[in-house]
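# Analysis of the macromolecular model
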Amino acid sequence: MAIILGVDPGSRITGYGIIRTSGRHTDYLDSGCIRMGERPMAERLQIIFQSLATLIAEYRPDEFAIEQVFMARNPDSALKLGQARGVAIVSAANSGLAVHEYSARQVKQAVVGSGGADKAQVQHMVQAILGLSRKPQADAADALAIALCHAHMSQSLARVAAASETPGTGQSPAHGRVRGGRMR
């Protein structure tokens, strides 16, 4: 069982989504938006950091997933997004969480099945996958999609690792192989 916190960073609105996975079963725990408004940038960054630290303390996630930075048309917007993303990552790192990063295309592919999906499609699929009674807000849906993408990727990696183990030994086929008379 794992609790995953997904974050969709933004300098004005940062979305978060928290899910619990157990095998192939996924439960919705919480989601929402951290809204900073028109405050000075330093205050917005502090709000993101503290809000995520509070969520981490409350839900005690095992995993943290965040969207990778992308190149925006406006360099100033890209810089602000990078700063918001940075404080989110530091908030997770301060709590001892490993940070997992996914591109927007990877997230959309994992949740919708198309890397070019729009926000409405992501919202619809997040609602369907998690059995929610209504569509989450767009930024919260993106954060939940990031958490779902991480769950999917983790499960896929676990299946690959399990398939590569030598039956009955719990070891990969290359483990302990002798070449040229010496163990490697």
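What you are looking at is a predicted structure, and each value in this text was computed from that prediction instead of being measured. (Residues numbered from 1 in each chain as written. Predicted model: local features only at pLDDT ≥ 70, side-chain atom pairs only at ≥ 80, totals over all residues. Heavy atoms only, no water.)

In this structure, Leu5, Val7, Ile48, Leu52, Phe64 and Ala88 are the most contacted members of the largest nonpolar core, which totals 21 residues. Elements that contribute at least two residues to this core include exactly strand 1 (2–8), strand 2 (13–22), helix 1 (41–59), strand 4 (63–67) and helix 2 (75–94). In terms of residue count, the dominant contributor to this core is helix 1 (7 residues). Once residues within four sequence positions are removed from consideration, Leu52 is found in contact with Val7, Ile34, Ala88 and Ser91. (Core = buried A, V, L, I, M, F, W, Y, C linked by side-chain atoms within 4.5 Å. Buried < 20%, exposed > 50% of the residue type's maximum accessible area, 1.4 Å probe, protein only. Helix = DSSP H or I, 4+ residues; strand = E, 2+ residues; numbered from the N terminus. Contact = heavy atoms within 4.5 Å.)

Let us look at the UniProt feature "binding site: Mg(2+) 2" (unreviewed entry) in the chain. Taking the numbering used here, the UniProt-annotated feature "binding site: Mg(2+) 2" (unreviewed entry) corresponds to Glu67. Note on placement: Glu67 falls in strand 4. The buried category is assigned to Glu67, whose relative accessible area is 14%. Once you skip the residues sitting within four places of it in the chain, Glu67 turns out to touch Val7, Asp8, Pro9, Arg85, Tyr102, Ala104 and Ile146. (UniProt positions renumbered as here; feature names shortened; annotations may be inferred.)

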